[in-house]
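Listed below are the residues making up each chain.
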Amino acid sequence: MAGGLVALLDDVAVLARAAAASIDDIGAAAAKAGAKAAGVVVDDAAVTPQYVRNLAAEREVPIIKRIAVGSLRNKFFIILPAVLLLSQFVPWLLTPILMLGGAYLCYEGAEKVWAKIAHHGASGAGEEKVQDETTLVSGAVRTDLILSAEIMVISLNEVIDEAFWSRLTILAVVAVLITVLVYGVVALIVKMDDAGLRLSQGSGAVATFGRGLVRAMPVVLSVLTVVGTAAMLWVGGHILLLGTNELNLHFLYEAVHHVEVAAHDATGVLGGLVGWLVNTVASAVLGLIVGALVVLVMTLTLHRRKSKAAAATAAATTRTDGTIPAPPSRAARRRDAPADQAPRG
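Residues numbered from 1 in each chain as written. Predicted model: local features only at pLDDT ≥ 70, side-chain atom pairs only at ≥ 80, totals over all residues. Heavy atoms only, no water.

As a further point, take the overall build of the protein. When helices and strands are counted, the protein shows 12 helices and 0 strands. Listing every helix and strand of the protein by position from the N terminus yields α-α-α-α-α-α-α-α-α-α-α-α. In the protein, which comprises 345 residues, the share counted as buried stands at 32%. The long-range share in the protein, meaning contacts at least 24 apart out of those at least 6 apart in sequence, stands at 79%. (Helix = DSSP H or I, 4+ residues; strand = E, 2+ residues; numbered from the N terminus. Buried < 20%, exposed > 50% of the residue type's maximum accessible area, 1.4 Å probe, protein only. Contact = heavy atoms within 4.5 Å.)

Right under this line is the structure:
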C-alpha cells in the first residue's frame, strides 16, 4: 500500500507540473497576444471617457460599469464564439466582417467631426447635448464591439496555430484582462477630479496638487475626447487599409507602405517613430474619407427620413395637444370648398 500511495503521489506531482506548465504557456501566450493588441487597447481607453462627459459625478462610475459589463458580453457571447467558429470553418470571412466594423468606426468618427463643425456656431462654445443613460451606454457598447473585435482578431492571429481549446482559453484570458485594464483606467481617469477635490481640502503641497488636478481634468477629458475621435478614424482606417491588402487590392496599402519606408529611411534614429506616424496619419485620412462618404449617404437617406417622420409627428402633436390651429386663409377656403359652395367676395 505504501508503494502504491507513493506511486499515486508521484503521478499527481507529474500532473501538477504539467498543469502548471500549461498555465504558464497560456499566460505567456495571452501576454503575447494582448501586447500585439496594445494599440487598440489604448484607442479603446481614449474613446470611452467621452461617453461620461457632462454627467453627474455620482453617475460616472455606474455608467462605466455598465459599459464594461456590455464589453464583456460583447467579447464572450458575440466576438469569441464568432471568431473561433469563423477561424475554424470559414477563416476568409473574418477580414470582410472586420472591414465592415472598421467602416462603422470611420462613420462614428466622421459624424463626430461633422457635428463639431456644423453645430459649433449654433450651439455655442462648450455646449453639448446630454443623452439619456440608456442611449449613451448603447452607443458606447456598439463602439466597443468594433474595438473589441479587432483586439480579439489580432490576439487570435498570434495564437492561430494553437489547438482549439488552447485558443479558447487564451482568448478568454485576454478578454477579461483587457476589459479590466481598459475600464479600470477609464474609471481612474474620470474620477481624478473627485480625488483632486478631496486632496484640495488638505493643506500645503497636497492641497496645491489637488487644486491642480481639479483644474486640469476638464482639459484632460477634452483632449481625450479629441484623441478618442481621432482613434476611431485611425483604427477604422487601419482596418480598411489592411483589409484591402488581404483581399488582394494592394494599391492603397503599398502606397502607404512606400511612403512609410521612405520616411523611415530619411529620418535616421527617429525612423521608427516617423514611419509609425506616417502610417497612422494615412490611416486616419482614409478613415475620415470613408467616414465622410458614409455620413453623406446616411444624411441623404436614413437621417432625412427620420427628419420627415419627426416633423410629421411634431405637426400631429401640435394638432392634438389642445392648441387651436390658425384658421385657413380665404384663398385656401376657396380652393378647398366644393364648387357649389365656394365663398363669395
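And the narrative resumes.
For the rest of this paragraph, the subject is the nonpolar core. Ranked by size, the top nonpolar core spans 44 residues in total, and within it I63, I67, V83 and L171 carry the most contacts. Of all elements in the fold, only α3 (57-89), α4 (94-123), α5 (133-158), α6 (164-190) and α8 (204-246) reach the threshold of two or more residues within this core. For I67, the contacting residues outside a window of four places in its chain are Y51, V137, A140, V141 and Y183. If you look at the next biggest cluster of nonpolar residues, it comprises 6 residues, including M99, C106, L241 and L286. (Core = buried A, V, L, I, M, F, W, Y, C linked by side-chain atoms within 4.5 Å.)

By the definition in use, this model includes 4 salt bridges. Among the salt bridges present, the one from E60 reaches K191, with a minimum N-O distance of 3.7 Å. Pair noted here: E60 is in helix α3 and K191 is in the loop between α6 and α7 (192-200), with a separation of 131 residues, a long-range link. Assessed through its relative accessible area of 7%, E60 is described here as buried. (Salt bridge = Lys/Arg side-chain N within 4 Å of Asp/Glu carboxyl O.)

This paragraph deals with the environment of T229. Take T229: it is sitting in helix α8. On the basis of relative accessibility, which here comes to 11%, the residue T229 falls in the buried class. Spatially, the C-alpha atoms of T229 and E111 are 9.4 Å apart, while their sequence positions differ by 118 residues.

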